[in-house]
Amino acid sequence: MVIATGTGVLGAGAASAASFYNPFSGYRITGTWQDHLNSGSLGGIDYGMNVGTQLPAAGGGTVRNIPDNGTGGHTVTTYHDNGYRTQYMHLSRFVLADGAVVGTGGIVGLSGGQPGAPGSGNSTGPHLHWHMIDPNGTRISPLDYLGGGGGGGLPKTATEQDGIPGTIFWQRAQNWLRIESGYTGPIDGVPGPNTYAAVQRDMRDHHGYAGPIDGVPGPNTWAAVQRLAAAHGYTGPIDGVMGPNSWRGFARFLNEDRWD
Ligand SMILES: [Zn+2]
């Protein structure tokens, strides 16, 4: 799979807008950059998450798997087109072949960090360690690279044009729901019951949905989503059947800068 990730010659700020984002903005930071420096590390950001959590690529590139990389344990490096690298450490599992090409948001491994487990390195509890390396070989904070103090930096979804909801669309939806409706799951673009339950909470609070919060959206849930879409240019029926025009209206809402 090859996915274009921009021109590859952008500065960090422009690149973040074009093709990089924080896949982990929905997780709690358990170790800051300064915490790492204080403990003698070259730096990183730790996010608490259960072992086996899917790890999306912060940007597209070529993947290198490094098994048992010293204290880092199983480490996956993504070589981005613009010369930067992203490293995730303490993995429980690699999921791509060495040398595979991944797009932004593609899953590059599963998190680990259980003390003593294969691949955990020196980890003392389940978490992901994330840092970046600039083209000069200097380790840098991904949150500095992305700018805005670690906000999402999500790209805009093309659903506004093609009417087909995909990974970026649902990542933006999850980030919206994280900010507005208490969603605490991953920003992975793969909607499950937790994502849909958060949609239902938001529809209940803002768009007249009166059904159950059960994570199983039916026509009443989707009719409420169509009312949201109608506030963003959708002019079709409120019938609970999502078609391309319903998705386009929903996407115009999700593409607002505040959900980046
Ligand atoms: Zn760390």
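The model shown is predicted, which means the values in this text are computed figures rather than measured ones. (Residues numbered from 1 in each chain as written. Predicted model: local features only at pLDDT ≥ 70, side-chain atom pairs only at ≥ 80, totals over all residues. Heavy atoms only, no water.)

Trainee: Any chance you could break down the sheet that holds strand β3 (residues 54-56) for me, citing the residues and the numbers?
Mentor: Within a beta sheet, neighbouring strands are joined by backbone hydrogen bonds and run either parallel or antiparallel to one another. Strands sit in the order β3-β9-β7 across an open sheet of three strands; the sheet is antiparallel. If you trace the sheet from one side to the other, it starts and ends with β3 and β7 (93-94), each paired once. Across two bridges, β7 lies against strand β9 (residues 107-110) in antiparallel orientation. Its bridge partner lying in β9, Arg-93 is registered against Leu-110. (Pairing = 2+ DSSP bridges. Helix = DSSP H or I, 4+ residues; strand = E, 2+ residues; numbered from the N terminus.)

Trainee: Hey, could you go over the packing of aromatic side chains for me, with residue numbers and the actual values?
Mentor: Counted by the stated rule, this structure contains 19 aromatic pairs. When the ring of Phe-24 is compared with that of Trp-130, the centres are 5.4 Å apart and the planes differ by 75 degrees; the resulting orientation is edge-to-face. Taken together, the residues Phe-24 in the loop between α1 (12-19) and β1 (29-31) and Trp-130 in strand β10 (residues 127-133) connect sequence positions 106 residues apart. For Trp-130, a relative accessible area of 0% puts it in the buried group. Look at Tyr-47 and Trp-130: their rings are 6.3 Å apart centre to centre, the planes differ by 40 degrees, and that puts the pair in the tilted class. Here the residue Tyr-47 occupies a position in strand β2 (residues 45-48), and Trp-130 occupies one in strand β10, the gap between them amounting to 83 residues. Each member of the pair, Tyr-47 as well as Trp-130, is classed as buried. (Phe/Tyr/Trp six-rings, centres within 6.5 Å; stacked < 30°, edge-to-face > 60°. Buried < 20%, exposed > 50% of the residue type's maximum accessible area, 1.4 Å probe, protein only.)

Trainee: I'd like a description of the coordination of the zinc ion, backed by residues and values.
Mentor: Around the zinc ion, the protein supplies His-36 (NE2), Asp-46 (OD) and His-129 (ND1) as donor atoms, at distances of 2.1 Å. In primary sequence terms, the donor set of the zinc ion follows H-x9-D-x82-H. Residue Asp-46 is located in strand β2, and its partner His-129 is located in strand β10; the two are separated by 83 residues in the primary sequence. Of the residues examined, Asp-46 reaches a relative accessible area of 13% and is grouped as buried. (Donors = N, O, S within 2.8 Å, 3.2 Å for Na, K, Ca; no water.)

Trainee: So, the nonpolar core: which residues are in play, and what are the values?
Mentor: Proteins that are soluble and globular tend to have nonpolar side chains buried together. Ranked by size, the top nonpolar core spans 25 residues in total, and within it Trp-176, Met-203 and Phe-250 carry the most contacts. Those elements that place two or more of their residues in this core are α5 (167-181), α6 (193-206), α7 (219-230) and α8 (244-254). With residues up to four places along the chain from it excluded, the contact list for Met-203 reads Trp-176, Gly-208, Tyr-209, Thr-221, Ala-224, Val-225 and Leu-228. Counting residues in hydrophobic clusters, the runner-up holds 24 residues, among them Tyr-27, Ala-57, Ala-58 and Leu-143. (Core = buried A, V, L, I, M, F, W, Y, C linked by side-chain atoms within 4.5 Å. Contact = heavy atoms within 4.5 Å.)

Trainee: With reference to specific residues and values, describe the packing of α5 against α6.
Mentor: Relative to each other, α5 and α6 sit at 55 degrees, their axes nearing to 10 Å. In terms of axis orientation, α5 runs oblique to α6. Pair α5 / α6 crosses with left-handed handedness. Facing Trp-170, Gln-174, Trp-176, Leu-177, Glu-180 and Ser-181 of α5, the residues of α6 in contact are Thr-195, Tyr-196, Ala-198, Val-199, Arg-201, Asp-202, Met-203 and His-206. (Axes fitted to C-alpha atoms, helices over the stretch in contact; angles between N-to-C directions. Parallel < 35°, antiparallel > 145°, perpendicular 65-115°, else oblique. Left-handed = near helix turned anticlockwise from the far one by under 90°.)

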